[in-house]
Amino acid sequence: MQVDFEKQGGLIPAVIQDAKTDKVLMLGYMNQEALEKTEREGVVTFFSRSKQRLWTKGETSDNFLHVVEILKDCDEDTLLIKVNPAGPTCHTGSDTCWGEKNEPGQAGWLNHLKAVIRDRKNNPSEKSYTASLFEKGTNKIAQKVGEEAVELVIEAMDSNDELFKGEAADLLFHYLVLLEQRGLDFDEIIDVLRSRHSR
């Protein structure tokens, strides 16, 4: 990867982000040697400004940052490194250097669910309910979404929140299955909502 180390005196900032939760975990600095070691070994190595040497995150705690992807910004002088952390990132024991819990927002869990649904479509199993829906085709999935929507409306008329939440979850699940069947991503629907909001 070609990065401009000279612009800032041989060091560039590296923003570390959890690949699964999207939480920013820490900020460190790299020289060219640190970047090359990171790329070669697959764990994040920084240049420590206080110790004046290479420093692999986790070398004393075993809380390594396993590299998933390395991106450079448009000016080629800052890195974004997406990782799978092996434990807390901050030396204080906190998940992040800002004291945040490294957890996705609840809505972010939908990305996991979408991946599971896509896997059931691409790697069907006889035991999988989701795979059986894909096998029945678009019309059956659309019909199921309609049924779940009606059941949600019925529960909305009652005062049982638990039953209402269960039907809401069923509707959302089958809706995501329908989107996958149509070859669309939920993010595309969010884009439509955003475009309407900006009008």
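Residues numbered from 1 in each chain as written. Predicted model: local features only at pLDDT ≥ 70, side-chain atom pairs only at ≥ 80, totals over all residues. Heavy atoms only, no water.

**Notes on the overall build of the chain**
Broken down by element type, the chain carries six helices and six strands. Secondary structure elements of the chain, listed N to C terminal, follow the sequence β-β-α-β-β-β-β-α-α-α-α-α. The C-alpha radius of gyration of the chain comes to 23 Å, more than 25% above the 16 Å expected for a compact globule of 199 residues. Per-residue burial over the chain gives 33% buried out of 199 residues. Taking the contacts inside the chain whose residues are at least 6 apart along the sequence as the reference set, 48% of them involve residues at least 24 apart. Carbon together with sulfur atoms contributes 50% to the accessible area of the chain, which is approximately 12,500 Å² in total. Across the chain, the 25 positively charged side chains and the 35 negatively charged ones have centroids separated by 1 Å. (Helix = DSSP H or I, 4+ residues; strand = E, 2+ residues; numbered from the N terminus. Rg over C-alpha atoms; globule rule 2.2 N^0.38 Å. Buried < 20%, exposed > 50% of the residue type's maximum accessible area, 1.4 Å probe, protein only. Contact = heavy atoms within 4.5 Å. Areas by Shrake-Rupley, 256 points an atom, 1.4 Å probe, with all protein chains shown as cover. Lys, Arg positive; Asp, Glu negative; His and termini not counted. Charge placed at Lys NZ, Arg CZ, Asp CG, Glu CD.)

**A word on the side chain of Glu167**
Turning to its location among the elements, Glu167 is positioned in helix H5 (residues 161-181). Buried charge without a partner: Glu167 forms no salt bridge, and the closest opposite charge is Lys144, 8.1 Å away. (Salt bridge = Lys/Arg side-chain N within 4 Å of Asp/Glu carboxyl O.)

**Looking at the UniProt feature "domain: Phosphoribosyl-AMP cyclohydrolase" (unreviewed entry) in the chain**
Here, UniProt's "domain: Phosphoribosyl-AMP cyclohydrolase" (unreviewed entry) annotation points to residues 26-98. Annotation note: span residues 26-98, helix share 14%, strand share 38%, distance between end C-alpha atoms 8 Å. (UniProt positions renumbered as here; feature names shortened; annotations may be inferred.)

**Considering the pattern of salt bridges**
Summed over all chains, the structure comprises 13 salt bridges. Among the salt bridges present, the one from Arg120 reaches Asp119, with a minimum N-O distance of 3.5 Å. According to the relative accessible area criterion, Arg120 is partly exposed, its value standing at 31%. Assessed through its relative accessible area of 34%, Asp119 is described here as partly exposed. Close ionic contact of Lys165 with Glu162 constitutes a salt bridge, the shortest N to O distance being 3.0 Å.

**As for the sheet that holds strand E5 (residues 65-72)**
The four strands lie next to each other as E2-E1-E6-E5, forming an open sheet whose pairing is mixed. The open sheet is flanked by strand E2 (24-30) and E5, the only strands paired with a single partner. Shown here is a sheet whose adjacent strand axes are inclined to one another by a mean of 25°, direction ignored. As paired strands, strand E1 (residues 12-18) and strand E6 (residues 79-85) are joined by five bridges and run parallel to one another. When the sheet's bridge partners are listed, Ala14 is paired in E6 with Leu79. (Pairing = 2+ DSSP bridges. Axes fitted to C-alpha atoms, helices over the stretch in contact; angles between N-to-C directions.)

**A closer look at the pairing of E2**
The pairing of E1 with E2 spans six bridges and is antiparallel. What sits directly across from Gln17, in E2, is Val24. Turn length for the E1-E2 hairpin, with the two strands adjacent in sequence and antiparallel, is five residues, and the turn residue Asp22 shows positive phi of about 70°.

**Notes on helix H6 (residues 186-197)**
For H6, which comprises 12 residues, the first-to-last C-alpha distance of 17 Å matches the rise-based estimate of 16 Å (1.5 Å per residue) to within 8%. Sitting at the amino-terminal end of H6 is Asp185, which places a side-chain oxygen 2.8 Å from the backbone nitrogen of Asp187. (Expected span 1.5 Å × (residues − 1). Polar contact = N/O pair within 3.5 Å; in protein donor to acceptor, adjacent residues only side chain to side chain.)

**Some remarks on the packing of aromatic side chains**
Under the defined criterion, the tally for this structure stands at three aromatic pairs. With centroids separated by 6.2 Å and ring planes inclined at 85°, the aromatic side chains of Tyr175 and Phe186 adopt a geometry described as edge-to-face. Taken together, the residues Tyr175 in helix H5 and Phe186 in helix H6 connect sequence positions 11 residues apart. The exposure class of Phe186 is buried, given its relative accessible area of 18%. (Phe/Tyr/Trp six-rings, centres within 6.5 Å; stacked < 30°, edge-to-face > 60°.)

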